[in-house]
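# Per-entry structural report
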Amino acid sequence: MLPTTNDRQNEKSLKDLMPAVGEVVSIQFQSPRKKFSLKLLGYRENGGVIVSAPSGSVNTLNLEGARLTATFMAGSRRCVFVSRLLKAQPFPYPHWHLAYPDTVEYQQIRKHKRIPVNLAVSIDHQNEMVSVKLGMPRILHSQDVSLDGICLDAPCALGQVNDKYFITLRFQVGGFDQVILLPTVLRSIHNIEPGVVLHGMEFDDLEEDTQVLVTAFVYQQFLTELGYLDDE
C-alpha cells in the first residue's frame, strides 16, 4: 500500500514531541538481536533518555554500546528514533541510559485507521424490550477496532441502522485486564456472504476514562501489528 500524506514520516526533536513519562517504549537491538518493552522514565535535551531496565535476571551488560531502535507513542503519533545504550545502571534503581537522539521520526496515526483484532465481545440492545426480542445479550466476534468504533460479525443482521447498543469489551493494556462498557450506534450492515454479516458500530459519547482506555488499547494493537510489541 502506498503511503498517504498522513502516513509519511516527519521529524521533530524529542523535546518537541513531549512523550509522557511512563509511556511504553519498545527497544530493539539488531546485534545481538533482542527486543524489550520498557517504560520511559525521563529525558533531558542533549543529555540522554532514561528508560526502565528489563525485569528479572536478564543479563544486559553485553548490550552496552549497542545500537538500538526505540519506538513509542506521543499523543496520536507513533515515534521512532535510533540511539545507543550508553549504560545499564542497577542503582539507585534498575534503569538504562540511552543516547539523546538528534531527531525523532514520527507518523500521525489516522483517527479512523482500523486495527485488526481477534476479540470476543458481548453486545446488548439499549432498549430492554428489544434486547429480549433479539435474544440479547449475545457473544460475538470483533475483527477490527479504531478510535471511533468497532466492527462485529454475526450470522444475521442484529437490528436497524442507528439502533443503540452496549458492547462489553475485555482486553489487556500494559499487562492489566480491563473490562469496559461501550455505548455504541449501529452505523452500517454488510452481508458479505451467507451467514456472515458485518456490523460497523460507532462509539457514542464515551466517558473520558473509557476513551483513554480505548485509545491505549488501539495504539497498543497498532504497535503490535507493526511488530514493535509482543502479542499479549
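Scroll up to find the structure.
The subject of this paragraph is the overall build of the protein. Looking only at helices and strands, the protein has 3 helices and 14 strands in total. When contacts within the protein are restricted to residue pairs at least 6 apart in sequence, long-range pairs at least 24 apart make up 58% of them. Carbon and sulfur atoms provide 50% of the accessible area of the protein, an area that totals close to 13,100 Å².

Within the secondary structure, leucine 14 sits in helix H1 (residues 14-17). Of the residues examined, leucine 14 reaches a relative accessible area of 2% and is grouped as buried. Sequence separation between leucine 14 and glutamate 105 is 91 residues; the distance between their C-alpha atoms is 9.4 Å. For leucine 14, the contacting residues outside a window of four places in its chain are Pro19, Tyr43, Val49, Phe72, Tyr100, Pro101 and Val104.

Moving on, we come to the packing of aromatic side chains. Inspection of the entire model under this criterion finds 5 aromatic pairs. Relative to phenylalanine 81, the ring of phenylalanine 72 has its centre 6.0 Å away and its plane inclined at 65°; by these criteria the two rings are edge-to-face. Here phenylalanine 72 and phenylalanine 81 have matching classes, each one buried. Here the guanidinium or amino end of arginine 77 rests over the ring plane of tyrosine 106, the centre of that ring lying 5.1 Å away.

So, on to the nonpolar core. In this structure, Ile123 and Ile150 are the most contacted members of the largest nonpolar core, which totals 31 residues. Sort the elements by how many residues they give to this core and helix H3 (residues 208-225) lands first, with 6 residues. Among residues more than four places away in sequence, those in contact with isoleucine 150 are Val121, Ser142, Asp144, Val145, Ile167, Leu169, His199, Gly200, Met201 and Phe203. Among the nonpolar cores identified, the runner-up in size contains 26 residues, and Leu68, Ala70, Ala74 and Leu98 belong to it.

If you walk around this closed barrel you meet the 6 strands as S9-S10-S11-S14-S13-S12, and the pairing is antiparallel. In this sheet, adjacent strand axes meet at a mean angle of 45° when their direction is disregarded.

A separate point is a negative patch on the surface. On the surface, a cluster of negative charge is contributed by Asp205, Glu207, Glu208 and Asp209. Relative to the helices and strands, glutamate 207 resides in the loop between strand S14 (196-203) and H3. Taking the relative accessible area as the measure of exposure, glutamate 207 reaches 60% and is therefore exposed.

What follows concerns unusual backbone geometry. In the segment running from phenylalanine 91 into proline 92, the intervening peptide bond is cis, with an omega of -5°. Following methionine 136, the chain continues into proline 137 via a peptide bond in cis, with omega recorded as 5°. Mapped onto the elements, proline 137 comes out in the loop between helix H2 (128-133) and strand S10 (138-145). Positive phi, close to 50°, is recorded for methionine 18, a residue that is not glycine. Under the relative-accessibility criterion, methionine 18 is labelled exposed at 60%. Located in the positive-phi region is asparagine 162, a residue other than glycine, with phi close to 85°. Along the chain, the position of asparagine 162 falls in the loop between strand S11 (149-154) and strand S12 (164-173). We classify asparagine 162 as partly exposed; its relative accessible area is 48%.

Analysis parameters
Position numbers for residues start from 1 in each chain and track the written sequence from start to end. Under the rules for a predicted model, residues below a pLDDT of 70 receive no local features and side-chain atom pairs below 80 are neither given nor counted, while totals for whole chains, interfaces and linings still include all residues. The basis for the side-chain values is all heavy atoms of the structure; hydrogens and waters are excluded. Secondary structure elements are defined from DSSP: runs of H or I of at least 4 residues count as helices, runs of E of at least 2 residues count as strands, and each element is numbered from the N terminus. The contact criterion used is simple: two residues touch if any of their non-hydrogen atoms lie within 4.5 Å. The accessible surface values rely on the Shrake-Rupley method and a 1.4 Å probe; as for residues, cover is taken only from the protein chains in view. Each residue is assigned to one of three classes by its accessible area relative to the maximum for its type, calculated with a 1.4 Å probe on protein chains only: buried under 20%, partly exposed between the two thresholds, exposed over 50%. Here a Phe, Tyr or Trp ring, Trp counted by its six-membered ring, pairs with any other such ring whose centre lies within 6.5 Å, and the pair is stacked when the planes are under 30 degrees apart, edge-to-face when over 60, and tilted otherwise. Lysine and arginine charges are scored as sitting over a ring when NZ or CZ, respectively, is within 6 Å of the ring centre and within 35 degrees of the ring normal. Among the buried residues, those of types Ala, Val, Leu, Ile, Met, Phe, Trp, Tyr and Cys that are joined through side-chain atoms within 4.5 Å form a nonpolar core. We treat two strands as partners when DSSP finds at least two bridges between them. Each axis is a line fitted through C-alpha atoms, and for a helix only the stretch in contact is used; angles between axes span 0 to 180 degrees, taken between their N-to-C directions. A patch consists of residues whose relative accessible area exceeds 30% and which take part in no salt bridge; residues with like charges are grouped when within 9 Å of each other, and nonpolar side chains (Val, Leu, Ile, Met, Phe, Trp, Tyr) when within 5 Å. For this document, the term salt bridge refers to a Lys or Arg side-chain nitrogen within 4 Å of an Asp or Glu carboxyl oxygen. Under this rule, positive means Lys or Arg and negative means Asp or Glu; His and the chain ends count for nothing. Lys charges are placed at NZ, Arg charges at CZ, Asp charges at CG and Glu charges at CD.

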